[in-house]
Amino acid sequence: MISREFRLLLWVLCVHLAGIYLFTKGFLLTRLALPDRGACSSDACTSLATHKRAVLLVIDALRFDFITEHPPKPASSFHHNILTLPRELTAAHPDRSFIFNAYSDPPTTTLQRLKGLTTGSLPTFVDAGENFGGSSIHEDSILHQLRAAGRKIALAGDDTWVTLFPDAFESNMTFAFDSFNVEDLHTVDQGVIDNLIPLMRYHQQSWDFAIGHGLGVDHAGHRVGPDHPVLKAKLEQMNSLLHEVVSAMDDDTLLIVLGDHGMDRMGNHGGDSVLETMSALWIYSKIPVSFPGYTIPDAILPMITFPEATVPHRYAQQIDLVPTISLLLGLPIPFNNLGSVIPELFIRDPDGASLQTAMELNAAQVRRYLDTYRSSPSGRELDAAWHDFSAGWVGTNAVHGEDRLIALDNFTRLALSACRVLWAQFNIVLMGAGLTVIALSIVAGWALYSKLRDVGGDEWEKWMDDKVLWSFNASVGGFGLGYLMHLMVREYLDGVAMHQTMLFAASILSSIVIIAATRPTITLKSIKTPKSLPIFLILHTACFASNSFTVWEDRIVLFFLISSIVPSVIVGFTAPTSRLRYRILGFSALFTVCARLMAMSTVCREEQHPYCTVTFYASETSSAPPIIALLLAFPVAIAVPRAVRRILKISKSDSGLAATIIPVLLVPALIAGTIFWMLEWVHSTEAVGDVGGVLRMIRTVLARTTAAAVLVGGISLWWTSPICLAISQTQSSDQSASTSEDKAQVTVLGFA
């Protein structure tokens, strides 16, 4: 027999889970991955091939301005004009070397970008959560096409590739390295150098597609930011690697160098800011792939200017690599691709026939994908844009010459932009339904709490048996009502399934029944006084309903903190004794000073520029601590415990556990934390040479030992310490009595 308490808990859990489920289905968007495979019905694909092999070299977080000859002004001496080989070869051989500013679709995390780079598809928010544990890719990709054609694939670098494509690589040519040790700047890069270069020099006939993926630039950005000598050293190393790769190439090999994403001013990534989405792309061949004699229409060659730069540059979508590489290697375009071929790489004849063929194959593949997606269970997602798709496709057959090229490009770009909006658009109906269920369940929970608090000892059991049964019966009725509602209004519920409507109705009806059964009464006496209400906490929560308040949350929290002492100041002025008044006002002033000092340490959001200055780090483009913080770390670690104990002494609270915890646990823990921070700074700056392994081991042992000591020691002290009371007994004489008589006076003092 299920207990009453468990039944009540089960009801509360089910209603809350229903609300969370509905909200997440509207917020965490998904995209249906079709299992179909791309194919060419004729030799059209192979007729456009120019190379037998290709090398895909991914330099993680390689931002576009790291390789351009026109960097932003003023140029940085740490990451501009250092990786120069791409621009040197492009200037010398414009018919075989091409640089692009490539747009990386957010979220700009490595796993999602690798999915886009291989499938030509778009990521969703569900993909973002998989960056730290992604599953293998089953939809069509360029690696699947290579395997289907009998080509052999080699890998050296980031092990994320093995996670995504566990069966794609040749076992004797797979050299994968751990990708999540951000502190390690060299192991993965050195692994690429040690394994990729020998494959290219001595085993060229053993592979058809080689992937190298270095992580040093990305890890340096995370560790110290882009404006640091460490990043400069990594870019110099990558420039040397490119020299070796180009030297080892033969005429049948195509080289593609790119960053999977960029990095922001602090060296981080994952969002959708301009600096995070503008990645570098360089394509190079030792034989010409673009011939003079035909001028590509400017309409299909978009340009863009990098922030703070003055010269615009050729702009492409990063997923454009998928159809481009596929056709250059004579492979079918992956079925789910939404990218467009890069025109510069298909100029083979004076009339642009090869370019037109490539663009026709590309547009036909996108059309097949859209048709198949619309006939799938998720096809209704395309209904709103289908008229535009159809009109764009018809337009490709109604014109000729350059206008046809423009029409073909417009069609593929229309498909990309429409799907990008579609798979980045929240389902407001489901989100609203989820929030409604959660809000009503909170009210129902409060009503239950109020009722059970007032119900007598044995009476609550009978009340529970009746009311919880009513709520479950209401849920069953709600399922039926939801079924009928969905049948009546389903044409207005885009993206809402039958079971979701039924779940919403069941949860709402069940909560309403509970609220009606408890009939909570709200009176002035039942409302807490303003002094006891967490007003500022409530206001802080409400602020998240506004984007501007979210952006400037740090300023708002400071305002709330300072404002929260106003009631204390008022009480201080009306205190009955001067000693108490001075204490209240003094501690209020101390709180204000501490809050202001805390506010001096700032980390700025991207949206706060230029009205915010970073002080927590050494600069806006560095994640290293400022020197003043390093100098003050040890003195503060020693001074804080002393100050804490001095304040506790005022109320004699330093006599209990504090007398042991502060000197035995708090002081060593703060000093150990400071040493850890110092060692991390020494490691990140490589100030003592290549001893990162030793420093990492010392930090790990220090951190784990300190955490274990604090946890075990703190629990042991709390468990074994006696009750925190001090009892003193003194003798006092009663002067009011007719005869002098001594009495015992007992003082009980409680402390922390």
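Residues numbered from 1 in each chain as written. Predicted model: local features only at pLDDT ≥ 70, side-chain atom pairs only at ≥ 80, totals over all residues. Heavy atoms only, no water.

## Section: the overall build of the protein
- Per the secondary structure count, the protein includes 26 helices and 11 strands.
- Structurally, the protein occupies a C-alpha span of about 125 × 70 × 45 Å along its principal axes.
- By the burial criterion, 44% of the 752 residues in the protein qualify as buried.
- A total of about 37,300 Å² of accessible surface is found on the protein, and carbon and sulfur atoms cover 63% of it.
- A gap of 10 Å separates the mean positions of the 55 positive and 68 negative side-chain charges of the protein. (Helix = DSSP H or I, 4+ residues; strand = E, 2+ residues; numbered from the N terminus. Buried < 20%, exposed > 50% of the residue type's maximum accessible area, 1.4 Å probe, protein only. Areas by Shrake-Rupley, 256 points an atom, 1.4 Å probe, with all protein chains shown as cover. Lys, Arg positive; Asp, Glu negative; His and termini not counted. Charge placed at Lys NZ, Arg CZ, Asp CG, Glu CD.)

## Looking at a nonpolar patch on the surface
- Together, L481, Y483, L484, M485, L487, M488, V489, Y492 and L509 make up a nonpolar patch on the protein surface, roughly 840 Å² of accessible area in all.
- With seven residues, helix α17 (residues 459–489) is the single largest residue contributor to the nonpolar patch.
- Relative to the helices and strands, L487 resides in helix α17. (Patch = residues over 30% accessible without salt bridge, like charges linked within 9 Å, V, L, I, M, F, W, Y side chains within 5 Å. Salt bridge = Lys/Arg side-chain N within 4 Å of Asp/Glu carboxyl O.)

## Examining the state of the cysteines
- One pass over the full model with this rule turns up two disulfides.
- Here C40 pairs with C45 through a disulfide, and the sulfurs are 1.5 Å apart.
- Under the relative-accessibility criterion, C40 is labelled partly exposed at 29%.
- Note on cysteine connectivity: C604 is disulfide-linked to C612, with sulfurs 2.1 Å apart. For the disulfide bridge between C604 and C612, the dihedral angle about the S-S bond is near -75 degrees, and by the sign convention the bridge is left-handed. (Disulfide = S-S within 2.5 Å.)

## A closer look at the sheet that holds strand β5 (residues 209–214)
- The sheet built from nine strands is open, its strands ordered β4-β3-β5-β1-β6-β7-β2-β9-β8 with mixed pairing. Edge positions in the sheet fall to β4 (174–177) and β8 (303–304), since each has one partner strand and no second.
- Taken together, the five bridges between strand β6 (residues 253–258) and strand β7 (residues 278–285) define a ladder with antiparallel strand orientation. Its bridge partner lying in β7, L254 is registered against S285.
- Lying over the sheet, helix α3 (residues 85–92) contacts β2 (97–103) and β7, oriented at roughly 130 degrees with respect to β2. (Pairing = 2+ DSSP bridges. Contact = heavy atoms within 4.5 Å. Axes fitted to C-alpha atoms, helices over the stretch in contact; angles between N-to-C directions.)

## Observations regarding the pairing of β5
- With six of six residues buried, β5 is to be regarded as a mostly interior element.
- Side chains of β5 alternate between two faces, with F209, I211 and H213 and A210, G212 and G214 buried alike.
- As defined by bridge partners, strand β1 (residues 53–59) adjoins β5 across six bridges and the pair is classed as parallel. Residue pairing in the sheet places L57 in a bridge with G212 of β5.

## Looking at the packing of helix α24 (residues 627–650) against helix α25 (residues 658–685)
- α25 packs onto α24 with a crossing angle of 170 degrees between their chain directions and a minimal axis gap of 10 Å. The angle between α24 and α25 falls in the class roughly antiparallel.
- Residue composition of the contact of α24 with α25, by class: 22 nonpolar, one polar and one charged. (Parallel < 35°, antiparallel > 145°, perpendicular 65-115°, else oblique. Nonpolar A, V, L, I, M, F, W, Y, C, P; charged D, E, K, R; others polar.)

## Focus on the nonpolar core
- Formed by 72 residues in total, the largest nonpolar core has its most connected members in W161, I256, L338 and L370.
- In terms of residue count, the dominant contributor to this core is helix α13 (residues 353–374) (eight residues).
- With near-sequence residues (within four places) excluded, W161 lies in contact with L56, V58, L114, T118, L143, L155, F169, I211 and H213. (Core = buried A, V, L, I, M, F, W, Y, C linked by side-chain atoms within 4.5 Å.)

## A short note on the side chain of K234
- Structurally, the position occupied by K234 is in helix α10 (residues 229–248).
- Since its relative accessible area comes to 2%, K234 is described here as buried.

## Side note on unusual backbone geometry
- In this structure, P74 follows K73 across a cis peptide bond, with omega equal to -5 degrees.
- The topology assignment puts P74 in the loop between β1 and α3.
- Backbone torsion omega between P106 and P107 reads 5 degrees, so that peptide bond is classified as cis.
- Even without glycine at this site, N81 takes up a positive phi of about 60 degrees.
- By secondary structure assignment, the location of N81 is in the loop between β1 and α3.

## Regarding the confidence of the model for the protein
- Here the protein averages 87 in pLDDT, while 92% of its residues score no lower than 70.
- Here residues 128–133 is modelled with pLDDT under 50, and outside its nearest four sequence neighbours on either side it reaches 12 contacts, counting other chains as well. (pLDDT = per-residue confidence, 0-100.)

## Let's talk about helix α16 (residues 428–454)
- With 27 residues, α16 extends 39 Å from end C-alpha to end C-alpha; this agrees with the ideal 39 Å at 1.5 Å per step.
- Here α16 has its buried residues at L430, M431, A433, G434, V437, S441, A444, A447, L448 and S450. (Expected span 1.5 Å × (residues − 1).)

## Some words on the packing of aromatic side chains
- Under the definition given, this model contains nine aromatic pairs.
- With 6.3 Å between their ring centres and 40 degrees between their planes, F64 and F306 make a pair best called tilted. Of this pair, F64 sits in the loop between β1 and α3 while F306 sits in the loop between β8 and β9 (313–317); the two residues are 242 residues apart in sequence, bridging distant segments of the chain.
- Look at W393 and F411: their rings are 5.3 Å apart centre to centre, the planes differ by 55 degrees, and that puts the pair in the tilted class. Note that W393 is positioned in helix α14 (residues 383–396) and F411 in helix α15 (residues 402–422), a separation of 18 residues in sequence.
- Each residue in the set F335, Y369 and Y373 is aromatic and connected to the rest through ring pairs, giving one cluster.
- In this structure, R581 packs its charged tip against the face of Y582, placed 5.9 Å from the ring centre. (Phe/Tyr/Trp six-rings, centres within 6.5 Å; stacked < 30°, edge-to-face > 60°. Lys NZ or Arg CZ within 6 Å of the ring centre and 35° of its normal.)

## Topic: the environment of N181
- Within the secondary structure, N181 sits in the loop between β4 and α8 (187–202).
- For the pair N181 and L215, spaced 34 residues apart in sequence, the C-alpha separation works out to 9.8 Å.
- If sequence neighbours within four positions are ignored, N181 has contacts with H219 and R696.

## Points about the pattern of salt bridges
- Under the definition given, this model contains 15 salt bridges.
- For R201, the salt bridge is made with E244, and the minimal N-O distance between the two is 3.9 Å. Of the two residues, R201 sits in helix α8 while E244 sits in helix α10, which places them 43 residues apart along the sequence.
- Residue classification places R201 among the partly exposed positions, given a relative accessible area of 42%.
- What makes E244 partly exposed here is its relative accessible area of 28%.
- The partner of E680 in a salt bridge is R223, with the nearest N and O atoms 3.4 Å apart. Remark: R223 occurs in helix α9 (residues 216–224) and E680 occurs in helix α25; sequence separation between them is 457 residues.

## So, the pairing of β9
- Here β9 lies mainly inside the structure; five of its five residues are buried.
- Where β2 meets β9, three bridges bridge the pair, whose relative direction is parallel. Residue pairing in the sheet places N101 in a bridge with Y315 of β9.
- Examined bridge by bridge, β8 and β9 share two bridges and lie antiparallel to one another. Bridging across to β9, I304 finds its partner in H313.

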